[in-house]
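For reference, the chains in residue letters:
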Amino acid sequence: MDTNKKLYCACCGKEIGDTTYDATSERGYYKVLDNYLQVNYFDSEEDNIFCSEECVLQSLSVEFIYLDDEEEM
């Protein structure tokens, strides 16, 4: 990927840059590494760039299910 190209979060559109850090204060972005998802879910490299874990989860429609709610189903 071109290192001079501006990167944006595929979920929220936030620019990835000097203000994007993970929990360890390392500069960068999140990317799904699963080969199946890379081939079948993401149309391009730019669709697989996220500013936070929350944006990755939202993009993949991942949701926490409470056990008490599941038992009622």
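For the structure, check the block above.
The shown structure was predicted, so the numbers you read here are calculated from the model rather than taken from an experiment.

Each value, and the rule that gives it
Residues numbered from 1 in each chain as written. Predicted model: local features only at pLDDT ≥ 70, side-chain atom pairs only at ≥ 80, totals over all residues. Heavy atoms only, no water. Helix = DSSP H or I, 4+ residues; strand = E, 2+ residues; numbered from the N terminus. Buried < 20%, exposed > 50% of the residue type's maximum accessible area, 1.4 Å probe, protein only. Contact = heavy atoms within 4.5 Å. Salt bridge = Lys/Arg side-chain N within 4 Å of Asp/Glu carboxyl O. Phe/Tyr/Trp six-rings, centres within 6.5 Å; stacked < 30°, edge-to-face > 60°. Polar contact = N/O pair within 3.5 Å; in protein donor to acceptor, adjacent residues only side chain to side chain.

**Some thoughts on the overall build of the chain**
The helix and strand inventory of the chain stands at three helices and two strands. Mapped in sequence order, the helices and strands of the chain form the string β-β-α-α-α. Per-residue burial over the chain gives 19% buried out of 73 residues. Excluding contacts between residues fewer than 6 apart, the proportion of contacts in the chain whose partners are at least 24 apart in sequence is 41%.

**A word on the pattern of salt bridges**
Taken as a whole and assessed by the stated rule, the structure comprises two salt bridges. For the salt bridge of Lys-5 with Glu-46, the shortest nitrogen-to-oxygen distance reads 2.9 Å. Residue Lys-5 is found in the segment before strand E1 (7-8), and its partner Glu-46 is found in the loop between helix H1 (35-40) and helix H2 (53-59); the two are separated by 41 residues along the sequence. One salt bridge connects Glu-45 with Lys-31, and the closest N-O pair in it is separated by 2.9 Å. With Glu-45 in the loop between H1 and H2 and Lys-31 in the loop between strand E2 (15-16) and H1, the pair connects residues that are 14 residues apart, well separated along the chain.

**A few points about the packing of aromatic side chains**
Going through the model one piece at a time under the given rule, you end up with three aromatic pairs. Relative to Phe-42, the ring of Tyr-41 has its centre 4.8 Å away and its plane inclined at 85°; by these criteria the two rings are edge-to-face. According to the relative accessible area criterion, Phe-42 is buried, its value standing at 7%. Ring geometry for Phe-64 against Tyr-66: centres 4.9 Å apart, planes inclined by 75°, an arrangement best described as edge-to-face. The exposure classification of Phe-64 matches that of Tyr-66, with both residues exposed. Through successive ring pairs, a cluster of aromatic residues spans Tyr-41, Phe-42 and Phe-50.

**Here's the deal with the side chain of Asn-48**
Here Asn-48 shows up in the loop between H1 and H2. Note on Asn-48: relative accessible area 3%, which makes it buried. Within polar-contact distance, the side chain of Asn-48 engages the backbone nitrogen of Val-32 at 2.8 Å. Dropping the residues within four chain positions of it, Asn-48 is found in contact with Ala-10, Tyr-30, Lys-31, Val-32, Gln-38 and Phe-42.

**Concerning unusual backbone geometry**
Even without glycine at this site, Ser-61 takes up a positive phi of about 60°. Relative to the helices and strands, Ser-61 is located in the loop between H2 and helix H3 (67-71).

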